[in-house]
Amino acid sequence: MNDTLTCAVNMNERKDTSEDASMRSASPSDSPFTYSHADYVRLAESIAIRVRTHDPVQMLTGFAFPNLLLKPTDAHPALLEFLHHLILTEPLADAQTEINEQFVDELFADVRRLFTMTWLASSFRAPPDSGTRSEIQDSIALDSLYVRGKSYVVHQSVLLRRLLTRVDDWMKLNLQFSAQDVLEAITLIFTGLNDKGNGVIQLLSALEKEPATSGFRTVCDHDVFSISPPTEQIRRVLVLLAAAPGSRRRSGGPLPGVDWASSRDFPILYHNDKFYCFNPQAVVDELPRLVSKWIAAQDKRYFDRRFVKAREGVLTDIAIDSLSAIFSNAEYSNNLYYVDANSQQCETDGILLYDDVAFVIESKAGGVSFSARRGSRERIKRDFDALVGEATRQAIRTASFIRDNPTGIFTDRNGSPLLTLNGRNIRRIYVIVPVFDSMDAFAIELADASALGMLPASCHWPWCVYINDLQLVTDILDTPSALLLYLDRRLRFNDHSSWFRVHDELDLLDYFMRRGLYLERRPFKDADVVQWQADSTELDRYFAALAMGHSSPPKPRLPLPDGIPELVGAIENSGVPARTALASEILSLGADSQRKILEMLEGIPRRLARRRNPQCGVFTRPGAGISIWYVEQLNPTIIDGLRVEDACNKYERKANEWLSAIFIITNGVPSLTSVVHDSTPWKEDSEMKAIVRSLRDHKYRARVQDHRPGRNDLCPCGSGRKFKLCHGR
């Protein structure tokens, strides 16, 4: 995969930062990077006029049918959604004109241009009180609502099935259809489109011999996107999902007649007594939210008292299931209670324990309001606090209880013990806040939220994550060490988000898979601000293959030298305490260091045959390091000697974190026997400095009796420096 860097801007080179210079007037066709607000409105009005006067089904068919030809880049779902959205809100003329392929191409080009202008509007930096910025603020909604944030069907289906199961009885009583009817309606939409689409593709292949015949007209004539419900129950489902052209309310803004929520609330079109679905993915994406909306509208009491809690339970269950699939033999439970230091009973949604790691899960089933997405500061603060702020405070309270109690007892509501843990054995606690709705940048910009007082001061950064993104990450990073390394890097991203900008979780996962997400090293040093946008091609192929029923399609993997996945897997399966910290640290090393570990492993039997016991390799990165020891036998004297050596290695390299792993060689095969994890911050220590010097002198004298090293050889004392810079001076 090629790296995709969409915006690296040196702000110091931008001499003219005035509002007029940033938004100077120009025709949209003159340059994709300069335009005025008037151009924006004129283009939007031109599109709206065409929507009012032409056949809505044919227009949407023209935008959607490239998907049938396996050309999804020619049918961007954002553009399709936006056209659907205009059709629902614009009043139709009494007679609609039929269209042709040329009309579709011109309309598509104009809508794409409008989106380009919208993206620039969302990137425009003007003074906060700028009138121009106020005028274009509504247009930012397009970028935040439609361009990104979609889920793969395999993940959304899990969420939808679990949610529907919780409300099946209520739907039967109040809506006269069941959870199974909803699932069958989705199946009908997908299978119907596939069956009709395959037939049309065959027709279009035949039509290549008849150039005078329009392929677009053939698609329209065969009603490819129409849906015929076989039962009254499925028809009721479609009725709730559908709206007729021009039937939705109008609202203000730079785009005439646009009700921003309409195409999301009604992803199916109802026209001339027929149902049409031009974007099945949109139905799957929106159904969990729409089910919640139906229930709130029909029975507010049930929604407040039972459904919200049930929805949070679904999030917790999916999060725990996704994590426990990776962390085999983990201990976990949900709906837990404990008594804190103030003798108050507290609740936490879920806890998962694995090795020396604890995950504290606090789910929130609310969403980000449309007002917040459009930039209302008060609504942003209110929504963010209700979702992330409150959950983070609850999770940090639970994390403190775990850390401060040698025997922490968690019970069910009735006081029966469910989980007991020793906080002294837990070295890392991750706070996970799964949310029901895609939050995009709201979940990414936690540093900004903290600066505005929306997160607790000096808190652990939470992993605030859309539940389907959590499923995606755990599907791809399907080993304990890979996921923990990602979480460590992902949460540290919050310390660098002022200059490294991303849109959502997928961008961060993409950068981790390609470059490791080591932002401390400040990549792209010539740029003051970097905008990273993911290339999801491999993910798209993988999850599309899963959705089509392939049992084991090729999965995107971390780029690792051959042999490292097997070594890391053996460490993870050893059962030794702190094994995941060791495996994650090996993954975090550069490829050269990883290859040296493998070379050392291959040469151990030969070296031990020379009676050189024990053998050690030291591998470091800034602020951290690993000592890997290989021994044929182990006794207290050897262990004490290794511990002193490790302490000296850590002190010499000024490391804040050090891992020491001991492998015992039996019949030439190494097996991990212990891992020591020292995370004591480094500080100057004269006594330790004397111990290091004494140890190095002793090792030097013992090893140079028979052979004096060359000036550029490593010093025999074990310091890791060249001889000429150490004992050879």
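Keep in mind that this is a model prediction, so the values were computed, not measured.

1. Digging into the overall build of the protein
Next, step 1: The number of helices and strands found in the protein is 28 helices and 18 strands.
Next, step 2: By the burial criterion, 52% of the 729 residues in the protein qualify as buried.
Next, step 3: Look at the contacts in the protein between residues 6 or more apart in sequence, and 71% of them connect residues 24 or more apart.
Next, step 4: Roughly 34,300 Å² of accessible area belongs to the protein as shown, and the carbon and sulfur atoms make up 48% of that amount.

2. Describing the pairing of strand β7 (residues 345-354)
Next, step 1: The buried fraction of β7 is high, at 8 of 10 residues.
Next, step 2: Bridging between strand β6 (residues 331-339) and β7 involves 8 bridges; their strand directions are antiparallel. Within β7, the residue paired with Tyr-337 across the bridge is Glu-347.
Next, step 3: Linking β6 to β7, which pair antiparallel, is a turn of 5 residues; within it Ser-343 sits at a positive phi near 65°.
Next, step 4: Both β7 and strand β8 (residues 357-361) contribute to a ladder of 5 bridges, which runs antiparallel. Along β8, the bridge assignment pairs Tyr-354 with Val-357.
Next, step 5: Here β7 hands over to β8 after 2 residues, with Asp-355 in that stretch at a positive phi of 55°.

3. Some points on the packing of aromatic side chains
Next, step 1: Counting across every chain of the model gives 22 aromatic pairs.
Next, step 2: Measuring from ring centre to ring centre gives 5.2 Å for Phe-327 and Phe-359, while their planes differ by 50°; the resulting arrangement is tilted. Of this pair, Phe-327 sits in the loop between α15 (300-326) and β6 while Phe-359 is found in strand β8, placing the two residues 32 residues apart along the sequence. Across the pair, Phe-359 and Phe-327 agree in class, each one buried.
Next, step 3: Of the aromatic side chains, those joined through ring pairs into one cluster are Phe-493, Trp-499, Phe-500, Tyr-511 and Trp-532.

4. Thoughts on the sheet that holds strand β4 (residues 268-271)
Next, step 1: Strands sit in the order β2-β5-β4-β3 across an open sheet of 4 strands; the sheet is mixed. Pairing within the sheet leaves two strands with one partner each, and these edge strands are β2 (226-227) and β3 (242-243).
Next, step 2: Strand direction decides the pairing type here: β2 and strand β5 (residues 274-276), joined by 2 bridges, are antiparallel. Of the residues in β5, the one forming a bridge with Ile-227 is Phe-275.

5. Let's talk about helix α23 (residues 537-547)
Next, step 1: Taken as a whole, α23 has its buried residues at Leu-539, Tyr-542, Phe-543 and Ala-545. End-on view of α23: buried residues confined to an arc of 155°, all on one side of the axis.
Next, step 2: The secondary structure elements touched by the buried residues of α23 are α8 (153-166), α20 (467-476) and α22 (505-515).
Next, step 3: Once α23 ends, the next one or two residues include Gly-549, with phi positive near 95°.

6. A short note on the packing of helix α21 (residues 480-492) against α22
For any two helices packed against each other, the geometry comes down to the angle between their axes and how far apart the axes lie.
Next, step 1: Contact pair α21 / α22: the axes reach a minimum separation of 11 Å and the direction vectors enclose 115°. Crossing angle aside, the handedness with which α21 passes α22 is right-handed. Taken together, the residues of α22 that come into contact with α21 (itself represented by Ala-482, Leu-485, Tyr-486, Arg-489 and Arg-490) are Glu-505, Leu-508, Leu-509 and Phe-512.

7. Some thoughts on the sheet that holds strand β15 (residues 615-621)
Sheet strands associate in pairs through backbone hydrogen bonding, adopting either a parallel or an antiparallel arrangement.
Next, step 1: With respect to topology, 4 strands assemble into an open sheet ordered β15-β16-β17-β18, the strand pairing being mixed. Strands with a single pairing partner mark the edges of an open sheet, and in this sheet they are β15 and β18 (669-678). Direction aside, neighbouring strands of the sheet carry axes that sit 15° apart on average.
Next, step 2: Of the pairings in the sheet, the one linking strand β16 (residues 624-631) to strand β17 (residues 657-666) comprises 8 bridges and is parallel in character.

8. Notes on the side chain of Ser-178
Next, step 1: Note that Ser-178 resides in the loop between α9 (168-174) and α10 (179-207).
Next, step 2: Judged by relative accessible area, Ser-178 falls into the buried class, the value being 13%.
Next, step 3: Not counting residues within four places of it along the chain, the set of residues in contact with Ser-178 comprises Asp-168, Met-171 and Lys-172.

9. Description of the pairing of strand β11 (residues 428-435)
Next, step 1: For β11, the buried fraction is high: 8 of the 8 residues fall into the buried class.
Next, step 2: Alternating residues of β11 divide into Arg-428, Tyr-430, Ile-432 and Pro-434 and Ile-429, Val-431, Val-433 and Val-435, and every residue in both groups is buried.
Next, step 3: Across 5 bridges, β8 lies against β11 in parallel orientation. Each residue of the ladder has a partner; that of Phe-359, found in β11, is Tyr-430.
Next, step 4: Of the pairings in the sheet, the one linking β11 to strand β12 (residues 463-466) comprises 4 bridges and is parallel in character. Residue Ile-432 lies in a different strand from β12, and its bridge partner there is Trp-463.

About the thresholds
Residues numbered from 1 in each chain as written. Predicted model: local features only at pLDDT ≥ 70, side-chain atom pairs only at ≥ 80, totals over all residues. Heavy atoms only, no water. Helix = DSSP H or I, 4+ residues; strand = E, 2+ residues; numbered from the N terminus. Buried < 20%, exposed > 50% of the residue type's maximum accessible area, 1.4 Å probe, protein only. Contact = heavy atoms within 4.5 Å. Areas by Shrake-Rupley, 256 points an atom, 1.4 Å probe, with all protein chains shown as cover. Pairing = 2+ DSSP bridges. Phe/Tyr/Trp six-rings, centres within 6.5 Å; stacked < 30°, edge-to-face > 60°. Arc of directions from axis to C-beta. Axes fitted to C-alpha atoms, helices over the stretch in contact; angles between N-to-C directions. Left-handed = near helix turned anticlockwise from the far one by under 90°.

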